Amino acid sequence: MKGTRPGHLPEPSRQTPTGRVCAAEGCSTRLSVYNDGPYCWQHTEIAFPNYRGKHLAPGKA
Ligand SMILES: [Zn+2]
């Protein structure tokens, strides 16, 4: 019997088509298979300033 020795670590840069997580720092939210973006829906919303807040103003000419 031999002691446990470090080595033969699996490559961390192995991405699977499914089971991705948000690319945001500190965010480990799982991305949906329907989510094409690198971020979760929470962080993706921030990237859309146009969609911030429900301030739908009617187009008054
Ligand atoms: Zn996120």
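Keep in mind the model is a prediction, meaning the values are calculated, not measured.

Visitor: Just to check I follow, could you spell out the nonpolar core for this structure?
Guide: One broad rule of soluble globular proteins: the nonpolar side chains tend to lie buried together. Judged by nonpolar contacts, Cys22, Ala24, Cys27, Leu31 and Cys40 together constitute the single largest core of five residues. Ignoring sequence-local partners within four residues, the contact set of Ala24 consists of Tyr39 and His43.

Visitor: Would you explain the coordination of the zinc ion in this entry?
Guide: Tetrahedral metal sites with four donors have an ideal angle of 109.5 degrees; octahedral sites with six donors have ideal angles of 90 or 180 degrees. For the zinc ion, the protein coordination sphere consists of Cys22 (SG), Cys27 (SG), Cys40 (SG) and His43 (ND1), at 1.9 to 2.4 Å. Relative to the metal, the four donor atoms surrounding the zinc ion lie at angles of 103 to 116°, and the coordination shape comes out tetrahedral. All donor residues of the zinc ion come from one chain, and their arrangement in sequence is C-x4-C-x12-C-x2-H. Here His43 lies in helix 1 (residues 41-46) and Cys22 lies in the segment before helix 1, a separation of 21 residues in the sequence.

Visitor: Explanation requested: the side chain of Asn35 in the structure shown.
Guide: Within the element layout of this structure, Asn35 appears in the segment before helix 1. A polar contact of 2.9 Å, which involves the side chain of Asn35, links it to the backbone nitrogen of Gly37. Non-local contacts of Asn35, meaning those with residues more than four positions away in its chain, are made with Arg20, Cys40 and Trp41.

Visitor: What is the right way to read the environment of Arg30 from this model?
Guide: Among the structural elements, Arg30 can be located in the segment before helix 1. A relative accessible area of 67% places Arg30 in the exposed class. Each C-alpha atom, one on Arg30 and one on Cys40, is 7.1 Å from the other, the two residues being 10 residues apart in sequence. With residues near it in sequence (within four places) discarded, Arg30 still touches Arg20 and Val21.

Rules used throughout
Residues numbered from 1 in each chain as written. Predicted model: local features only at pLDDT ≥ 70, side-chain atom pairs only at ≥ 80, totals over all residues. Heavy atoms only, no water. Core = buried A, V, L, I, M, F, W, Y, C linked by side-chain atoms within 4.5 Å. Buried < 20%, exposed > 50% of the residue type's maximum accessible area, 1.4 Å probe, protein only. Contact = heavy atoms within 4.5 Å. Donors = N, O, S within 2.8 Å, 3.2 Å for Na, K, Ca; no water. Tetrahedral: all angles 85-135°; square planar, octahedral: opposite > 155°, others 65-115°. Helix = DSSP H or I, 4+ residues; strand = E, 2+ residues; numbered from the N terminus. Polar contact = N/O pair within 3.5 Å; in protein donor to acceptor, adjacent residues only side chain to side chain.

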